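Single-letter residue listing:
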Amino acid sequence: MKWSQVTLELRKRSRRTLALTVGLGLASTLLGTVTAAPASARTSVPARSGAVAEAFVRPAVSAERAADSKAFFEAVVMSVAKKQARQPGLRVATVYYNASQAPSFSSVIATAVSIWNGSVSNVKFQATSGSGDLAFREGNDPSGSYAATDGHGRGYIFLDYAQNRRYDPVRVAAHETGHALGLPDHYSGPCSELMSGGGPGPSCTNAYPNAAERSRVERLWANGMAKALKSVGVAR
């Protein structure tokens, strides 16, 4: 390896180390949660056993790409389809979500899913205390908030304490919930675009999907659910 290449590599490693240090420092400094959270939850970082969709803020390491976002959406759709196969006459897909593992964000989550329920008609969210298609979790993670599959055919959304102190919590939750509906990240978009996530900066508090995002979700759930139901032996 040439000296110039060695120097470049050392600089890259230095930047990565600095980024990690800054991220951890922010998590430590901004540890005060949106509301009071159990001490045990503050130190927990869930193990990611499945595909991870792109995070609320553009990840420093680009391992979380569109393919993982698609896998997350498909896991939620298939989970919904298996339940709906028992009631083939239903025309609207229902995503059952369990927010019991994110008690600090209960009102935030309720507002976020209410926004989506009022924005689209082909799919609706409904709370459950049992095993849902989608779960919400909370804790500390230098990566911030993200959506992922749990490795067992269902999806979950992780809400990070520090990030939700910096960004509008409802926008964060609504954005990550958008992944469950099939929408990918678009960080370069304007604040009016929900899936632009943290791209527009902390001053952006819009938690509503725009017309294009709503239209895309309607198409995805009309076509995606039909395909998923067919795969489990039910014609829609």
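Novice: Just checking my understanding: could you explain the nonpolar core for this structure?
Specialist: In globular proteins that are soluble, nonpolar side chains generally tend to be buried together. Ranked by size, the top nonpolar core spans 43 residues in total, and within it Trp-116, Leu-134 and Trp-221 carry the most contacts. Apart from residues lying up to four places away in sequence, Leu-134 is in contact with Phe-72, Val-95, Tyr-96, Tyr-97, Asn-98, Phe-125, Gly-155, Tyr-156, Ile-157 and Ala-180. Ranked by size, the runner-up nonpolar core spans five residues in total, among them Ala-135, Tyr-146, Tyr-156 and Phe-158.

Novice: Honestly, the side chain of Gln-163 in this entry has me stumped. Any pointers?
Specialist: Secondary-structure assignment places Gln-163 in helix 5 (residues 161–166). Dropping the residues within four chain positions of it, Gln-163 is found in contact with Phe-56, Val-57, Gly-144, Ser-145 and Val-172.

Novice: Please explain the packing of aromatic side chains as it appears in this structure.
Specialist: By convention here, two paired aromatic rings are described through the distance between centres and the angle between planes. With the rule as written, the count across this model stands at five aromatic pairs. For the ring pair Tyr-146 and Tyr-156, a centre distance of 6.2 Å and an interplane angle of 70° mean the geometry is edge-to-face. Residue Tyr-146 is located in strand 4 (residues 146–149), and its partner Tyr-156 is located in strand 5 (residues 155–160); the two are separated by 10 residues in the primary sequence. As far as burial versus exposure is concerned, Tyr-146 and Tyr-156 are alike and both buried. Three or more aromatic residues link up through ring pairs in this structure, and these residues are Tyr-97, Phe-125 and Phe-136. The ring of Tyr-156 carries the charged tip of Arg-137 above its face, separated from the ring centre by 3.8 Å.

Novice: Explain the state of the cysteines to me, please; I cannot follow it from the model alone.
Specialist: Each disulfide consists of one covalent bond between the sulfur atoms belonging to two cysteines. Summed over all chains, the structure comprises one disulfide. Here Cys-191 pairs with Cys-204 through a disulfide, and the sulfurs are 2.0 Å apart. Between Cys-191 and Cys-204, the S-S dihedral sits near 90°, and the bridge is therefore right-handed. Here Cys-191 is found in the loop between helix 6 (169–180) and helix 7 (211–231), whereas its partner Cys-204 is found in the loop between helix 6 and helix 7, with 13 residues between them in sequence. Since its relative accessible area comes to 27%, Cys-191 is described here as partly exposed.

Novice: Can you help me understand the sheet that holds strand 2 (residues 123–127) in this one?
Specialist: Strand pairing within a sheet occurs via backbone hydrogen bonds; the two strands may be parallel or antiparallel. The five strands lie next to each other as 2-1-3-5-4, forming an open sheet whose pairing is mixed. Every other strand in the sheet has two partners, leaving strand 2 and strand 4 as the edge strands with one partner each. Averaged over all pairs of adjacent strands, the angle between strand axes in this sheet comes to 30°, irrespective of strand direction. Of the strand pairs in this sheet, strand 4 and strand 5 are connected by four bridges, and their pairing is antiparallel. Paired with Thr-149 across the two strands is Gly-155, which belongs to strand 5. Running at roughly 160° to strand 5, helix 6 makes contact with strand 2, strand 3 (134–139), strand 4 and strand 5 of the sheet.

Novice: Would you explain the environment of Phe-136 in this entry?
Specialist: Looking at the element boundaries, Phe-136 is found in strand 3. Once the C-alpha coordinates of Phe-136 and Phe-105 are considered, the two residues, 31 residues apart in sequence, prove to be 9.0 Å apart. What Phe-136 contacts, discounting residues up to four positions off in sequence, is Tyr-97, Asn-98, Ala-99, Gln-101, Ala-102, Ile-109, Ile-157, Leu-159 and Thr-177.

Novice: When you look at the pairing of strand 5 in this model, what are you seeing that I'm missing?
Specialist: For strand 5, a buried count of six out of six residues is recorded, marking the element as mostly surrounded by other parts of the structure. Side chains Gly-155, Ile-157 and Leu-159 of strand 5 all project onto a buried face; the interleaved residues Tyr-156, Phe-158 and Asp-160 project onto the opposite face, where all are buried too. Bridge count for strand 3 against strand 5 is six bridges, and the pairing is parallel. Looking at the pairing, Glu-138 lines up with Leu-159 of strand 5.

Novice: Would you mind going over helix 4 (residues 106–119) with me for this structure?
Specialist: Three or four residues apart is the spacing at which side chains of an α-helix point the same way, because the helix has 3.6 residues per turn. An ideal rise of 1.5 Å per residue puts 20 Å on 14 residues; helix 4 measures up with 20 Å between its terminal C-alpha atoms. Taken as a whole, helix 4 has its buried residues at Val-108, Ile-109, Ala-112, Val-113, Ile-115, Trp-116 and Ser-119. One side of helix 4 holds all its buried residues, which, seen down the axis, span an arc of 145°. With respect to the buried face of helix 4, the exposed residues turned more than 90 degrees away are Ser-107 and Gly-118. Looking at the buried side of helix 4, the elements it contacts are strand 1 (93–101), strand 2, strand 3, strand 5, helix 6 and helix 7.

Rules used in this analysis
Residues numbered from 1 in each chain as written. Predicted model: local features only at pLDDT ≥ 70, side-chain atom pairs only at ≥ 80, totals over all residues. Heavy atoms only, no water. Core = buried A, V, L, I, M, F, W, Y, C linked by side-chain atoms within 4.5 Å. Buried < 20%, exposed > 50% of the residue type's maximum accessible area, 1.4 Å probe, protein only. Contact = heavy atoms within 4.5 Å. Helix = DSSP H or I, 4+ residues; strand = E, 2+ residues; numbered from the N terminus. Phe/Tyr/Trp six-rings, centres within 6.5 Å; stacked < 30°, edge-to-face > 60°. Lys NZ or Arg CZ within 6 Å of the ring centre and 35° of its normal. Disulfide = S-S within 2.5 Å. Pairing = 2+ DSSP bridges. Axes fitted to C-alpha atoms, helices over the stretch in contact; angles between N-to-C directions. Expected span 1.5 Å × (residues − 1). Arc of directions from axis to C-beta.

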